[in-house]
Amino acid sequence: MTINRPLVFVDLDDTLFQTARKMGDEPRFTATLDVDGQPNGFMSATQKSFVEWLLATADVVPVTARSVEAYQRVQLPFVHGAICAHGGVILNAQGQLDAPWHARMADELALEQTRLHQLSELTLAIGTELGFSLRGWVVEEQGLANYVVTKHNHETDEALLIVLNEVKARGLLDGLYVHGNGNNLAFLPNALQKQVAVREWIRRDQAINGKRPILGFGDSVSDLGFMTECDWWGTPKRGQLASHVMSSVTDE
C-alpha cells in the first residue's frame, strides 16, 4: 500500500456484481464462480469499468458477508487482502487468516457457538411449518461459527420476511442483529460487525501510511456502519441503501 493512493473499502455482492436474474439484456462479465466452477455472478459494463478504475487508482479492500471459501471464488484481482464473514475474518495480502483478529473473534463469539447452530435448525423448521422451502447454514471459519444465513428455494423474497417475523415473535434473536436483502436473511451476533473490522484495518493502515483519503462503497443498509468509518461513501443507485435514503427524503 502507498500513501499517495486512497484506501477504498467496498462491499461485493450487489455493489460490484450481482446474479444474472438481477440484470437485463446488457452485456455480462463474469465476476464470481459457483462451487462447480460455473459463472454465477456478473458485472455490467459500467461495473466493470468502475472496478478497473478503483484497482488502478486506489488500494482496494473488499468488505463482504462471504465466507473465505466464497470469497476465493470471486474472480476480481484484489491484492491487498479482504474482510470476510461480516467482519469475522481479516485476510492478509497473501490470502491468509489474520491470527490476532481470529483470536479476538474466537473470544467474542465463544458464547454463541452452540446457539447459532440451534438457531439455524429452528429457522428452517419454522420455514417448513409456514409452508416454505428454505435452505440455510452457519457460516464458519476455522471451526468458529460466525453467523446464520437462510435463503429460500424458488419462493419470493417475501417468504423470508414472514419467517423473520415468526423468529422474532418467538424471542430467538436476543443479542443478535438481522441483515436482510433480497434472498438473503442473516442472524448475526452483535460482536460481529463489518464496521469494527474496518476500523481495525484503518488503525493498522494509519500506523504504516499515516492519514490518507478513505472511501467506502456498499449497497445494503447494513453496509452503512463500515461506510461511516470512511471520509466519503457512495452506493449504487439501485440498491437497498439508495431506496432507503430516497424513501426517507420523500417522506420528509
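Residues numbered from 1 in each chain as written. Predicted model: local features only at pLDDT ≥ 70, side-chain atom pairs only at ≥ 80, totals over all residues. Heavy atoms only, no water.

Moving on: the overall build of the chain. Per the secondary structure count, the chain includes 8 helices and 12 strands. Since a compact globule built from 252 residues should have a radius of gyration of about 18 Å, the 18 Å found for the chain is in line with a globular shape. C-alpha atoms of the chain, sized along the principal axes, occupy 55 × 45 × 45 Å. Residue pairs at least 24 apart in sequence account for 55% of intrachain contacts in the chain once pairs closer than 6 positions are excluded. For the chain, the distance from the average site of its 21 positive side-chain charges to the average site of its 31 negative ones is 4 Å. (Helix = DSSP H or I, 4+ residues; strand = E, 2+ residues; numbered from the N terminus. Rg over C-alpha atoms; globule rule 2.2 N^0.38 Å. Contact = heavy atoms within 4.5 Å. Lys, Arg positive; Asp, Glu negative; His and termini not counted. Charge placed at Lys NZ, Arg CZ, Asp CG, Glu CD.)

Here we take up the pattern of salt bridges. Under the counting rule described, the total for this entry stands at 18 salt bridges. Among the ionic pairs, E129 bridges to R170, the shortest N-O distance being 2.7 Å. With E129 in helix α4 (residues 113-129) and R170 in the loop between α5 (158-169) and β9 (176-180), the pair connects residues that are 41 residues apart, well separated along the chain. Overall, the relative accessible area of 57% leaves E129 in the exposed class. Overall, R170 belongs to the partly exposed group, its relative accessible area being 41%. Salt bridges sharing partners connect three or more residues here, namely R5, D59, D205 and R212. (Salt bridge = Lys/Arg side-chain N within 4 Å of Asp/Glu carboxyl O. Buried < 20%, exposed > 50% of the residue type's maximum accessible area, 1.4 Å probe, protein only.)

Here the focus is the environment of P236. The topology assignment puts P236 in the loop between β12 (232-234) and α8 (240-251). Once you skip the residues sitting within four places of it in the chain, P236 turns out to touch D14, T15, G218, D219 and A242.

What follows concerns the layout of surface pockets. Taken as a whole, the largest pocket encloses approximately 1000 Å³ of empty space. Taken together, 36 residues line the largest pocket, and the ones lying closest to its centre are D13, R66, K151, N183 and N184. Among the elements of the structure, β3 (39-43), β7 (134-141) and β8 (144-152) are those that each provide at least two residues to the lining of the largest pocket. In the lining of the largest pocket, the residues fall into 9 nonpolar, 14 polar and 13 charged. The computed volume of the second largest pocket comes to approximately 550 Å³. As for the second largest pocket, its lining consists of 21 residues, and the residues nearest its centre are D14, Q18, Q47, P236 and R238. Examining the composition of the lining of the second largest pocket, we find that 3 residues originate from one element, helix α1 (residues 45-57), more than from any other. Across the lining of the second largest pocket, the residue classes tally to 4 nonpolar, 11 polar and 6 charged. (1 Å grid on protein atoms, 1.4 Å probe; cavity = no way out; pocket = protein on both sides within 12 Å on 5 of 7 lines; lining within 4 Å. Points joined across faces, edges and corners; volume = space filled by probe spheres on them. Nonpolar A, V, L, I, M, F, W, Y, C, P; charged D, E, K, R; others polar.)

One non-glycine residue, A85, lies in the positive phi region at around 55°. For A85, a relative accessible area of 0% puts it in the buried group. The phi torsion at H154 lies on the positive side, around 65°, for a residue other than glycine. Mapped onto the elements of the fold, H154 is located in the loop between β8 and α5.

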